Amino acid sequence: MTFEVRTRSLPGRPAAIGAAGPFTLVVDRPADGGGDGLGFNGGQLLYLAVAGCVSNDLFREARAAGITLHRVEVTVHGDFTGDPAVSTEVGYDVRVEGDATDDRLRDLVARVDAIAEIPNSLRRGTPVRLRHAEVAGTAG
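These numbers come from a predicted model, not from an experiment.

Chemist: So what exactly am I meant to see when it comes to the overall build of the chain here?
Modeler: The helix and strand tally for the chain stands at three helices and seven strands. In the chain, the succession of α and β elements from N to C terminus is β-β-β-α-β-β-β-β-α-α. Radius of gyration (C-alpha) of the chain: 19 Å, far over the 14 Å computed for a compact globule of 140 residues. If you line up the chain on its principal axes, its C-alpha atoms span 70 × 35 × 30 Å. For the chain, buried positions account for 21% of its 140 residues. Look at the contacts in the chain between residues 6 or more apart in sequence, and 39% of them connect residues 24 or more apart. As displayed, the chain has an accessible area near 10400 Å², and 53% of this comes from carbon and sulfur atoms. Of the charged side chains in the chain, 15 are positive and 19 negative, and the gap between their average positions amounts to 6 Å.

Chemist: For this particular structure, what's the right way to read the sheet that holds strand β3 (residues 23-27)?
Modeler: Note: strands within a sheet are paired through backbone hydrogen bonds, in either parallel or antiparallel orientation. Reading across the sheet, the three strands line up as β1-β2-β3 and stay open at both edges, with antiparallel pairing between neighbours. Edge positions in the sheet fall to β1 (6-9) and β3, since each has one partner strand and no second. Within the sheet, the average angular offset between the axes of one strand and its neighbour, ignoring direction, is 25°. Relative to strand β2 (residues 16-20), β1 is paired through four bridges, and the arrangement is antiparallel. Paired with Ser-9 across the two strands is Ala-16, which belongs to β2.

Chemist: What's the story with a nonpolar patch on the surface in this structure? I'm lost.
Modeler: A surface patch of nonpolar side chains, amounting to about 230 Å² of accessible area, comprises Leu-10, Ile-17 and Leu-38. Relative to the elements of secondary structure, Leu-38 occurs in the loop between β3 and α1 (42-64).

What counts and how
Residue indices follow the written sequence of each chain, beginning from 1 at its first position. In keeping with the predicted nature of the model, local features appear solely for residues at pLDDT of at least 70, side-chain atom pairs appear and are counted solely at 80 or more, and the whole-chain, interface and lining totals rest on all residues. Hydrogens and water are ignored here; the side-chain numbers use all heavy atoms of the structure. Only DSSP runs of H or I reaching four residues or more are called helices, and only runs of E reaching two or more are called strands; each is numbered from the N terminus. Here the globule rule is a power law, 2.2 Å times the number of residues to the power 0.38, and the radius of gyration is based on C-alpha atoms. Here the term buried applies to any residue with accessible area under 20% of the maximum for its type, exposed to any over 50%, and partly exposed to those in between, with areas from a 1.4 Å probe on protein chains only. Whether two residues touch is decided by their heavy atoms; if any such pair falls within 4.5 Å, the residues are in contact. Computed with a 1.4 Å probe, the accessible areas rest on the Shrake-Rupley method; for each residue, only the protein chains presented here act as cover. Think of it this way: Lys and Arg go in the positive column, Asp and Glu in the negative one, and His and the chain ends go nowhere. Note that the charge is assigned to NZ on lysines, CZ on arginines, CG on aspartates and CD on glutamates. Should DSSP find at least two bridges between two strands, the strands are taken to pair. Angles here are taken between N-to-C directions and fall from 0 to 180 degrees, while the axes themselves are lines fitted to C-alpha atoms, restricted in helices to the stretch in contact. Patch definition: residues with relative accessible area over 30% and no salt bridge; like charges joined within 9 Å; nonpolar side chains (Val, Leu, Ile, Met, Phe, Trp, Tyr) joined within 5 Å. Just to be clear on terms, a salt bridge is a Lys or Arg side-chain nitrogen sitting within 4 Å of an Asp or Glu carboxyl oxygen.

Next comes the structure, spelled out in structure tokens:
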């Protein structure tokens, strides 16, 4: 499955709408960083991608194992430093409640930690490259 996501800035504003098919969210910078403060910044989206992937995979793998989950909470921690800024180590905490023994739930969390696509993409250093840039200036 190939994914495509897109952001498009609001007219005359730094805030943008991010879209993936029919799903949208607001992408922005904090007001003190030159944005409108209306939505997630890029760092938050990166860490949210980790949390979302782990959460989704916990439910997928639990279902495959015949476990019913009642609650999943994933909290991701990190920071950005340097020039250019890059993410520090990304750490995450998981809380899982479900119809299984504690040992089975721990095994589920360990399995997901080993197979989750977004954390593994970061761990293995997925290349990112600019493919094309189209510009349209108004100054001569």
